Amino acid sequence: MSTLAPLRLLREPWNASEGNQSNATVGASGGWCQGLDIPNELFLALGLVSLVENLLVVAAILKNRNLHSPTYYFICCLAVSDMLVNISNLAEMLFMLLLEHGVLVMCPSIVRHMDSIIDMLICSSFVSSLSFLGVIAVDRYITIFYALRYHSIMTLQRAVVTMASIWLASTVSSTVLITYYRSNTILLCLIGFFLFMLVLMLVLYIHMFALARHHLHSISSQQKPPITHRGGSLKGAVTLTILLGVFFICWGPFFFHLILIVTCPTNPFCTCFFSYFNLFLILIICNSVIDPLIYAFRSQELRRTLREVVTCSW
């Protein structure tokens, strides 16, 4: 198994005829178009590291009552989404190894059903990850621009409804994607959702940093000390901007891959780009590895709780 099976559905363009695709592959087969041969051990190692990191983040948020707030609940859900990516990967690898070595003997129909379940898990985790990044950005925006009304706007009940709605929508959308993955309409919806969330977060962050710049300019001109609460909120905005940047770098090539599948499935350049699909999958896994590190280094309270969790100071 050379790639993550849950994403193998999107590895090759299906909207090109076999002959045209073969000719394009031949035309783009030279030089750097050979792709990358990434060993399964690397997928497995990164998956295990990410799984442990995100488990620690979830444990820290559950342990510390000071972190029992909507913001950290959203972060906890984001960590769970990242965990689902890695659990799907590890489960798929284990499943394939057991089949290859004859430990498990199943009929083809059952294998297809198992594969569909894993496909749905990883697609659901992606949609939920992107959704929670957007929700966290909106939460930070409310914290900064409506600080006095934050607790009345972002109540625990609304946070729970938001989280439940995202998980439900992610499950439904992933089911539709797996069922109709050969449809360009479905792919365009997925790409549109990705672009919409990116634009939403960029607009919110630009507005937040415009406020930060104005706030710091006012402080320097009036020679007054900074407001602690707002300073902490702006620090949180920086953290979320780093998360957005990491997400875009890690997921951007995969979505560019989807765009090329829709727009130019037989073009030699596009076919050459498709050969690096394994690299795009590694970047996706790296996103779930990097996110917990950002939480630990940017949040002093979470960093302290993580230290207690690691040293078993319950």
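Residues numbered from 1 in each chain as written. Predicted model: local features only at pLDDT ≥ 70, side-chain atom pairs only at ≥ 80, totals over all residues. Heavy atoms only, no water.

- Taking an unreviewed UniProt entry as the reference, the protein chain is identified by name as Melanocyte-stimulating hormone receptor belonging to Rhagologus leucostigma.
- Looking at the protein chain in UniProt, the text filed under Subcellular location (unreviewed entry) is "Cell membrane".
- The protein chain has a UniProt comment under Function (unreviewed entry) that states "Receptor for MSH (alpha, beta and gamma) and ACTH. The activity of this receptor is mediated by G proteins which activate adenylate cyclase." (UniProt positions renumbered as here; feature names shortened; annotations may be inferred.)

1. Considerations on the environment of Glu-308
Piece 1. Structurally, the position occupied by Glu-308 is in helix H11 (residues 300–310).
Piece 2. In this structure Glu-308 comes out as partly exposed when scored by relative accessible area, which is 21%. (Helix = DSSP H or I, 4+ residues; strand = E, 2+ residues; numbered from the N terminus. Buried < 20%, exposed > 50% of the residue type's maximum accessible area, 1.4 Å probe, protein only.)

2. Comments concerning the UniProt feature "transmembrane region" (unreviewed entry) in the protein chain
Piece 1. Sequence positions flagged by UniProt for "transmembrane region" (unreviewed entry) are, in local numbering, residues 42–62, 74–97, 117–138, 159–179, 185–212, 233–261 and 273–297.
Piece 2. Between the end C-alpha atoms of residues 42–62 the distance is 30 Å, and the span holds 100% helix and 0% strand.
Piece 3. With 100% helix and 0% strand, the stretch residues 159–179 has end C-alpha atoms that lie 30 Å from each other.

3. Re the state of the cysteines
Piece 1. Scanning the entire structure with this criterion turns up 1 disulfide.
Piece 2. Counting only cysteine sulfurs, Cys-77 is the nearest neighbor of Cys-76, a cysteine outside any disulfide, at a range of 5.9 Å.
Piece 3. For Cys-76, a relative accessible area of 11% corresponds to the buried category.
Piece 4. Free of any disulfide, Cys-250 has its nearest cysteine sulfur in Cys-286, 6.1 Å distant. (Disulfide = S-S within 2.5 Å.)

4. Structural notes on helix H3 (residues 70–100)
Piece 1. Taking 1.5 Å per residue, 31 residues should reach 45 Å; H3 reaches 45 Å between its end C-alpha atoms and fits that length.
Piece 2. Gly-102, located one to two residues past H3, shows a positive phi value of around 75°. (Expected span 1.5 Å × (residues − 1).)

5. Details of the nonpolar core
Piece 1. Ranked by internal contacts, the top residues of the largest apolar core, which has 82 residues, are Trp-251 and Phe-255.
Piece 2. Those residues in contact with Trp-251 that sit more than four places away from it in its chain are Phe-126, Phe-194, Ile-284 and Asn-287. (Core = buried A, V, L, I, M, F, W, Y, C linked by side-chain atoms within 4.5 Å. Contact = heavy atoms within 4.5 Å.)

6. Structural notes on the packing of aromatic side chains
Piece 1. Taken as a whole and judged by the stated rule, the model has 11 aromatic pairs.
Piece 2. Site record: aromatic cluster; members linked through ring pairs are Phe-126, Phe-194, Trp-251, Phe-254, Phe-255 and Phe-277. (Phe/Tyr/Trp six-rings, centres within 6.5 Å; stacked < 30°, edge-to-face > 60°.)

7. Topic: the environment of Thr-171
Piece 1. Within the fold, Thr-171 resides in helix H6 (residues 156–179).
Piece 2. Here Thr-171 is in contact with Met-120 and Ser-124, once residues within four sequence places are set aside.
Piece 3. Of note is the side chain of Thr-171, whose polar atom sits 2.9 Å from the backbone oxygen of Trp-167. (Polar contact = N/O pair within 3.5 Å; in protein donor to acceptor, adjacent residues only side chain to side chain.)

8. With respect to the environment of Leu-187
Piece 1. Looking at where Leu-187 falls in the secondary structure, it is placed in helix H7 (residues 184–222).
Piece 2. Residue classification places Leu-187 among the buried positions, given a relative accessible area of 0%.
Piece 3. Each C-alpha atom of the pair Leu-187 and Ile-259 lies 8.2 Å from the other, and the pair is 72 residues apart in sequence.

9. Describing the confidence of the model for the protein chain
For any part of a model where pLDDT is low, the fine detail of the predicted coordinates should not be relied upon.
Piece 1. Taken residue by residue, the protein chain gives an average pLDDT of 77. The fraction at 70 or more is 78%.
Piece 2. Across residues 24–29 the pLDDT falls below 50, and counting only partners more than four positions away or on other chains, this stretch makes 8 contacts in the model. (pLDDT = per-residue confidence, 0-100.)

10. With respect to the side chain of Ser-131
Piece 1. Mapped onto the elements of the fold, Ser-131 is located in helix H4 (residues 108–145).
Piece 2. Those residues in contact with Ser-131, other than ones at most four positions away along the chain, are Ile-166, Phe-193 and Met-197.

11. Details of the pattern of salt bridges
Piece 1. Per the stated rule, a full pass over the model turns up 4 salt bridges.
Piece 2. Ionic pairing is found between Asp-139 and Arg-140, a salt bridge with its closest N-O pair at 3.9 Å. The same class applies to Asp-139 as to Arg-140, namely buried.
Piece 3. Through salt bridges with shared partners, a single ionic network connects Lys-63, Glu-301, Arg-304 and Glu-308. (Salt bridge = Lys/Arg side-chain N within 4 Å of Asp/Glu carboxyl O.)

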